[in-house]
Each structure stands twice: as structure tokens, then as C-alpha cells.
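Structural characterization, general
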Amino acid sequence: MPTGAGKTAAGVLPWLWRRLEHPDAQVRATEARWLVFVLPLRSLVEQTAAVVREWIAKAGLAGAVGVHVFMGGVDRDDDAWRMDPSRTAVFIGTQDMLLSRLLMRGYGESRAQWPVSFGLLHSGVQFVFDETQLMGPGLPTSAQLQGLREQLVTGVPSRSIWMSATLAPQEVCTPDHREVRGVVELGEDDRVGGLAVRLNAVRQVERVEVPEPAAVYPAGVAQVLVTRHVPGTRTIAVFNTVERAVAVQAALAKLVRRGGPELVLLHSRFRPPERENLMDELRGPLSAAGQIVVSTQVLEAGVDLSSRVLFTEAALFSSVVQRAGRCNRAAPSTCSTPSPASTRPPRK
């Protein structure tokens, strides 16, 4: 699915309806009792958990559906879901936390709990693996585990869905998971209304010259961002390393005067409370001067954020596609996507 097409909703809401609201009692009884949503980044887990909790609350199902987050540094209510495994629940976590449990080596668990999590998570579960282009070796691991469940047979069947804007079916073919039974894509009936506006948004791609030496690269990029920024709009700059993002942010702080655009730095090394505050800033209304967001790949996927101008360093094609999805996402106007002229990192 293209970025911004609503993959998260497609992965959660149909399962929730079939499990609790389907008119056929047989369908409700045979639907997986748990939805396990696996993501590659902590920032995506936090955002997805917040959205799922909001959907469940609005549906009046907060008492009927549990939501459990699996992420390093987060307190887990392990006993709650283990003591009542028949309760309908959604599990949202990073791939290291969830795949380790599927491999009977659960991170942060005692050895005595490994086989308990292993048995519960391999039976009667609907898996959703999102943003697969960022999963690395976790992607073939998830496919191989699905193939083994089918060949060895579990107490109750489990299913897996892999979602991405750039996923090819052969990427989830392994020795024991040899074929993909179905590929879901957007049909013509889907490309209407608000989604049509988003999918048909114009993005003008430009190549810009920036200095290559590492000593002057941040200042050069900062000058490009200030020059291209349009007041009252958001500009996003995505960098491949935290160090370069921090350096460019520092260079921007020297260029932007009082009354200029708000500067926001976002990367994976912030603590959860700080990152949550920064995400609140991004969701808030823009000032007359606008906003310049300097980020790493934490904004590359799953974040519903739009920009008038998007600067991206040269990266893998799948990453560039994901980053472009943050440009002109709401389709208010033509969007400019400048990228550096060199595919090499700055020269030291």
C-alpha cells in the first residue's frame, strides 16, 4: 500500500470487527483471539499503541479488549495476559521484544517464562508485521516462523500479514514459507475521495548542491533549509545518522532569528517522555513562521505528518519512498523534495 493509505487501520479494525462484532457467531469464535502488531521502531510502537487505544475507547470496547505494549524500558503487565489468555487483546511491540518470545528467548523475561510466552504466542494469533522494509533479518525470521507453524501444526491456526509500501512477495518466501497466498493492494474503488487526493498529490523532486566536506556540510544544508522554507508551512529534513541531524540542528539555530520558524529535533536517542513532548509539538498548529523539523529515520515510516518542503539525504530507494510520503501528504499544494547531489556521506 502507498504511504498514507491507512495500513494500520487495515491491520487492526477488520480483525476487531470479525472477533467481536461479526453477525456470524462461528466467525467470531474462529477468529484469532489476539492481534500481535510487530514494528521495527520504538517511535512507531508508541504512535500505534495510542491510535489503537483511541479506536478501542471510541468503540466502547475498553473493558473487552486489552492493549499490551512490548518495548524496552516499558513496564509490562505480563501476568495479566498470561493469567487470562482467552481474553481478546492487542499486543503492540518492537520486533526484538516479540520475535525473541516467538523464538523462546524472550528479552526481559525469566527463563521459566520463555516456554509460556512461546506457547501462547504461537497459537491462535493474527500477526501483523508493519513497515517491513525496516525489519532487516526480522522479516525472513517472521516468514520462516509462519511456515513452521503451518508445517508442524499448532493447537489453533495462526496467520501473518506483512505490510509495507515497498514490499515484494518474494521477500517473505523462505525454505518453509514458500509462497504468499494473497496480495492485497488498492483497487479502483479505493482510489476515491480523500485517499485519491493524497495519492495524486504532486511532488516535485529536485537535486540540490551542498558542500561535501564534513566541516561545512551542516552549515550548507542549514542554509538550503532556511532558503527553501515557506513561512506558515512545515519543512522536514531527514538524515541518515543522529550525528548529522544534531549538527544541522545546531547550524540552523545560528541562522534562524527570533520570530523565525520553530526548530524541532527528533531522533531515536531521546527518552520516551521527551520524545512524546516533541511529537505533541509536531501535532500542534503551525505558527505564522512555520516549522523546520530535523529528524532521522524515526519519521521515515508510520508518522502521519505532512510537509511543504522535504530534504532527504541519499538513501536506499525504499527509504526515499517512505520519506517522500511525508511530503505534501495532505495535498494542499505542490511539494518540493530537494535531496543532496552526492550519494556519498560528507567527506571528513
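Residues numbered from 1 in each chain as written. Predicted model: local features only at pLDDT ≥ 70, side-chain atom pairs only at ≥ 80, totals over all residues. Heavy atoms only, no water.

Looking at the packing of helix 3 (residues 42-58) against helix 11 (residues 272-283)
Heads up, the rule is: Axis angles are defined between N-to-C directions and span 0 to 180 degrees, where every axis is a line fitted to C-alpha atoms and, for a helix, only to the segment in contact. Think of it this way: any DSSP run of H or I at least four residues long counts as a helix, any run of E at least two long counts as a strand, and we number them from the N terminus. Each crossing gets its hand from how the near helix is turned against the far one by less than a right angle, where anticlockwise is left-handed and clockwise is right-handed. Contacts are residue-level and defined by heavy atoms, with any inter-residue pair within 4.5 Å sufficient. In this classification, Asp, Glu, Lys and Arg are treated as charged, Ala, Val, Leu, Ile, Met, Phe, Trp, Tyr, Cys and Pro as nonpolar, and every other residue, Gly included, as polar.
The contact between helix 3 and helix 11 brings their axes to 12 Å, and the two run at 65°. By crossing handedness, the relation of helix 3 to helix 11 is classed as right-handed. For the pair formed by helix 3 and helix 11, the contact residues are R42, S43, E46 and Q47 on the first element and P272, R275 and M279 on the second. Looking at the contact of helix 3 with helix 11 residue by residue, the class counts come to two nonpolar, two polar and three charged.

Observations regarding the packing of aromatic side chains
The geometry of an aromatic ring pair comes down to the distance between the two centres and the angle between the two planes. Just so we agree on the cut-off: To pair, rings of Phe, Tyr and Trp, with the six-membered ring standing in for Trp, must have centres within 6.5 Å; the planes then decide the type, stacked if under 30 degrees apart, edge-to-face if over 60, and tilted in the middle. Accessibility here uses a 1.4 Å probe with only protein chains present; expressed as a share of the type maximum, an area under 20% marks a residue as buried, one over 50% as exposed, and anything in between as partly exposed.
Inspection of every chain in the model, using the stated rule, returns eight aromatic pairs. Note on W34 and W81: the rings are 5.6 Å apart at their centroids and 80° apart in plane angle, and the pair reads as edge-to-face. On the criterion of sequence distance, the pair formed by W34 in strand 1 (residues 34-39) and W81 in helix 4 (residues 78-83) is long-range, its members being 47 residues apart. On the basis of relative accessible area, W81 is assigned to the buried category, the value being 2%. For the pair F129 and W162, a centre-to-centre distance of 6.0 Å together with 15° between the ring planes defines the contact as stacked.

Quick word on the packing of helix 5 (residues 95-102) against helix 7 (residues 138-152)
It is the contact of helix 5 with helix 7, at a shortest axis distance of 11 Å, that shows an interaxial angle of 35°. Pair helix 5 / helix 7 crosses with left-handed handedness. Across the interface between the two elements, Q95, L99 and L102 of helix 5 pack against G138, S142 and L145 of helix 7. Its residues assigned to classes, the contact of helix 5 with helix 7 shows three nonpolar, three polar and no charged.

Description of the nonpolar core
The line we're drawing: We define the nonpolar core as a collection of buried residues of types Ala, Val, Leu, Ile, Met, Phe, Trp, Tyr and Cys that are connected through side-chain atoms lying within 4.5 Å of one another.
Grouped together as the largest cluster of nonpolar side chains are 23 residues, with contacts concentrated most on L35, F37, V52, I56, V90 and I92. Looking at which element gives the most residues to this core, the answer is helix 3, with five residues. When residues no more than four places from it in sequence are discounted, the contact partners of V90 are W15, L35, V52, I56, V65, G66, V67 and H68. Counting 22 residues, the second largest nonpolar core, distinct from the first, contains A89, F91, F129 and V172.

Remarks on the layout of surface pockets
We apply this condition: The definitions used throughout rest on a 1 Å grid laid over the protein atoms alone, on which a cavity is an enclosed set of points accommodating a 1.4 Å probe that cannot get out and a pocket is an open set flanked by protein within 12 Å on both sides along at least five of seven lines; lining residues are those having an atom within 4 Å of a point. Grid points are joined across faces, edges and corners, and a volume is the space filled by probe spheres set on the points.
In this structure, the largest pocket spans a volume of roughly 960 Å³. Considering the residues around the largest pocket, the lining is formed by 34 residues, among which I161, W162, G182, V183 and V184 are closest to the centre. Within the residue set of the lining of the largest pocket, elements represented by two or more residues are helix 1 (7-20), helix 7 and strand 5 (159-163). In terms of residues, the lining of the largest pocket owes the most to one element, helix 1, which gives six residues. The class makeup of the residues in the lining of the largest pocket is 17 nonpolar, eight polar and nine charged.

Overview of the side chain of S117
With respect to the helices and strands, the residue S117 is situated in helix 6 (residues 114-121). Exposure remark for S117: the relative accessible area of 0% places this residue in the buried category. Once residues lying within four places of it in the same chain are set aside, the contact partners of S117 are W81, R82, R101 and E109.

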